[in-house]
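Chain residues, written in single-letter form:
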Amino acid sequence: MDLLALADFNLVARHEGFGRAARASGRPKATLSRRVAELEASLDLRLFERGGRALKLTEEGRALYERTAALLTDLEETTSAIASGGHTPRGRLRVSAPLLFSQTAMGKLAADFALKHPEVRLDVTTEDRAVDMVEEAYDLVIRVNPNRDESLVGRAFLRDRLVVVASPAVDPPADGSLTPAVVRGRIEPAAAWTVTTPTGTSTFAVRPCLSLASLLMVRDAVRLGVGVARLPISLVSHDIATGTLTHWGDVEGSEIALWALYPSRRLLSARVSAFLDHLRDAFPNGTPDELARYVGA
């Protein structure tokens with residue numbers, strides 16, 4: 001099999017089109033189209049469905065892409081390392097990170113990493129969904145409390161916990177009254193929240209009155225006295241220390257762990273290893289206070 005034609009096929013599949021692949025690689029669109037056609041002819045298989053403006057992988061094309069994408073990446077990394085005479089991080093590094101971590105910390109992390117490793121082209125996307133690392137060609141993903149996945153390995157690099165906070169203007173509940181609450185996501189019916197404090201455990205009823213799309217928006221609303229909210233301690237520790245927000249207690253069983261994950265079946269590239277080291281340097285102990293200081297800095 002022609003490895004160059006296979007590489008061109010992967011390029012087109014990754015970018016979902018000959019035009020986008022040509023623009024990303026600087027290769028002529030006609031050349032990519034010819035190489036893919038030659039590969040289809042040699043395999044006697046149709047790898048793409050060509051219709052209208054869309055270009056979609058056939059079932060056989062998807063299977064070939066899933067099997068060969070990681071292998072070609074490993075081959076490229078190996079030849080690059082040999083050619084460079086060492087293990088200098090270089091090339092493209094695709095990272096997926098959750099929304100809140102991206103909004104508060106990833107900008108600074110990415111900038112510091114880019115200054116340390118100028119030969120790495122860092123590409124960070126923000127999303128809370130569970131991405132398919134191999135299918136979507138990510139090198140590393142950061143996830144909160146990820147489900148166990150035998151195909152992924154990694155480590156927890158940060159830990160956090162949820163707390164209930166409110167503006168000092170919001171009075172604690174009394175006589176079973178409902179406390180207005182700000183939530184992220186869909187507004188649910190009235191519910192009971194349980195918190196732990198140094199003096200014990202207490203439960204109070206809340207009535208969600210405002211739904212927002214991000215925890216940063218929730219924090220801003222709570223600061224203005226709309227109601228109570230459950231937020232990561234790293235996000236509100238400064239507000240608690242200055243008296244802007246009042247700490248009503250910790251949410252039971254709300255431990256949060258941020259994990260850096262990568263596919264176990266791939267060799268750990270120099271650029272992924274460098275990014276893991278970068279996370280370790282930024283958060284050596286992985287505590288909520290470290291994240292709060294990093295964000296505050």
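This text goes with the structure placed above it.
Topic: the overall build of the protein
Line of reasoning, step 1. Summing up its helical and strand segments, the protein has 9 helices and 11 strands in all.
Line of reasoning, step 2. Its C-alpha atoms give the protein a radius of gyration of 24 Å, more than 25% over the compact-globule value 19 Å for 297 residues.
Line of reasoning, step 3. Referenced to the eigenvectors of the C-alpha coordinate spread, the extents of the protein come out at roughly 80 × 45 × 30 Å.
Line of reasoning, step 4. Here the analysis covers contacts within the protein between residues at least 6 apart in sequence; of these, 74% occur between residues at least 24 apart.
Line of reasoning, step 5. The distance from the centre of the 36 positive side-chain charges to the centre of the 37 negative ones in the protein is 5 Å.

What about the packing of helix H2 (residues 18-25) against helix H3 (residues 29-43)?
Line of reasoning, step 1. Contact pair H2 / H3: the axes reach a minimum separation of 9 Å and the direction vectors enclose 120 degrees. It follows that H2 is oblique to H3 by the angle criterion. By crossing handedness, the relation of H2 to H3 is classed as right-handed. Contact with H2, carried on its side by Phe18, Gly19, Ala21, Ala22 and Ser25, involves Lys29, Leu32, Ser33 and Val36 of H3 and no other residues of that element.

Observations concerning the layout of surface pockets
Line of reasoning, step 1. Space inside the second largest pocket adds up to approximately 720 Å³.
Line of reasoning, step 2. Forming the boundary of the second largest pocket are 32 residues, of which Leu100, Leu162, Arg184, Leu215 and Pro232 lie nearest the centre.
Line of reasoning, step 3. Class assignment for the residues of the lining of the second largest pocket results in 23 nonpolar, 2 polar and 7 charged.

Examining helix H6 (residues 215-223)
Line of reasoning, step 1. Where H6 is concerned, the buried positions are Leu215, Leu216, Val218, Arg219, Ala221 and Val222.
Line of reasoning, step 2. Of the surrounding elements, those touching the buried residues of H6 are helix H5 (99-116), strand S6 (152-166), strand S7 (179-184), strand S9 (200-212), strand S10 (229-232) and helix H7 (233-242).

Notes on the packing of H7 against helix H9 (residues 288-296)
Line of reasoning, step 1. Packing of H7 against H9 brings their axes to within 8 Å, and their N-to-C directions diverge by 70 degrees. Considering their axes alone, H7 and H9 lie roughly perpendicular with respect to each other. Contact with H7, carried on its side by Ile233, Ser234 and Ser237, involves Pro288, Leu291 and Ala292 of H9 and no other residues of that element.
Line of reasoning, step 2. The residue inventory of the contact of H7 with H9, partitioned by class, reads 4 nonpolar, 2 polar and no charged.

Some details on the pattern of salt bridges
Line of reasoning, step 1. Tallied over the full model, the rule gives 15 salt bridges.
Line of reasoning, step 2. A salt bridge links Asp250 to Arg161; its shortest N-O distance comes to 2.9 Å. In this pair, Asp250 sits in strand S11 (residues 246-263) while Arg161 sits in strand S6, placing the two residues 89 residues apart along the sequence.
Line of reasoning, step 3. Judged by its relative accessible area of 17%, Asp250 is buried.
Line of reasoning, step 4. Its salt-bridge partner being Arg223, residue Asp220 comes within 3.5 Å of it at the nearest N-O pair. Remark: Arg223 and Asp220 occur in helix H6; sequence separation between them is 3 residues, near one turn of the helix.
Line of reasoning, step 5. With relative accessibility at 32%, the residue Arg223 sits in the partly exposed group.
Line of reasoning, step 6. A network of salt bridges, in which partner residues are shared, links Arg219, Asp220, Arg223 and Asp239.

Observations concerning the nonpolar core
Line of reasoning, step 1. In this structure, Phe101, Leu109, Leu140, Ile142, Phe157, Phe275 and Phe283 are the most contacted members of the largest nonpolar core, which totals 30 residues.
Line of reasoning, step 2. For this core, the secondary structure elements donating two or more residues are strand S3 (91-97), H5, strand S5 (140-144), S6, S11, helix H8 (270-282) and H9.
Line of reasoning, step 3. Judged by nonpolar contacts, the second largest core, of 20 residues, contains Ala5, Ala21, Val36 and Leu47.

Quick word on the pairing of S6
Line of reasoning, step 1. Two strands pair when backbone bridges link them, and S6 and S11 are joined in this way by 13 bridges, in the antiparallel orientation. Of the residues in S11, the one forming a bridge with Arg161 is Glu255.
Line of reasoning, step 2. Of the pairings in the sheet, the one linking S6 to S10 comprises 4 bridges and is antiparallel in character. Within S10, the residue paired with Val165 across the bridge is Ala229.

What counts as what
- Residues numbered from 1 in each chain as written.
- Predicted model: local features only at pLDDT ≥ 70, side-chain atom pairs only at ≥ 80, totals over all residues.
- Heavy atoms only, no water.
- Helix = DSSP H or I, 4+ residues; strand = E, 2+ residues; numbered from the N terminus.
- Rg over C-alpha atoms; globule rule 2.2 N^0.38 Å.
- Contact = heavy atoms within 4.5 Å.
- Lys, Arg positive; Asp, Glu negative; His and termini not counted.
- Charge placed at Lys NZ, Arg CZ, Asp CG, Glu CD.
- Axes fitted to C-alpha atoms, helices over the stretch in contact; angles between N-to-C directions.
- Parallel < 35°, antiparallel > 145°, perpendicular 65-115°, else oblique.
- Left-handed = near helix turned anticlockwise from the far one by under 90°.
- 1 Å grid on protein atoms, 1.4 Å probe; cavity = no way out; pocket = protein on both sides within 12 Å on 5 of 7 lines; lining within 4 Å.
- Points joined across faces, edges and corners; volume = space filled by probe spheres on them.
- Nonpolar A, V, L, I, M, F, W, Y, C, P; charged D, E, K, R; others polar.
- Buried < 20%, exposed > 50% of the residue type's maximum accessible area, 1.4 Å probe, protein only.
- Salt bridge = Lys/Arg side-chain N within 4 Å of Asp/Glu carboxyl O.
- Core = buried A, V, L, I, M, F, W, Y, C linked by side-chain atoms within 4.5 Å.
- Pairing = 2+ DSSP bridges.

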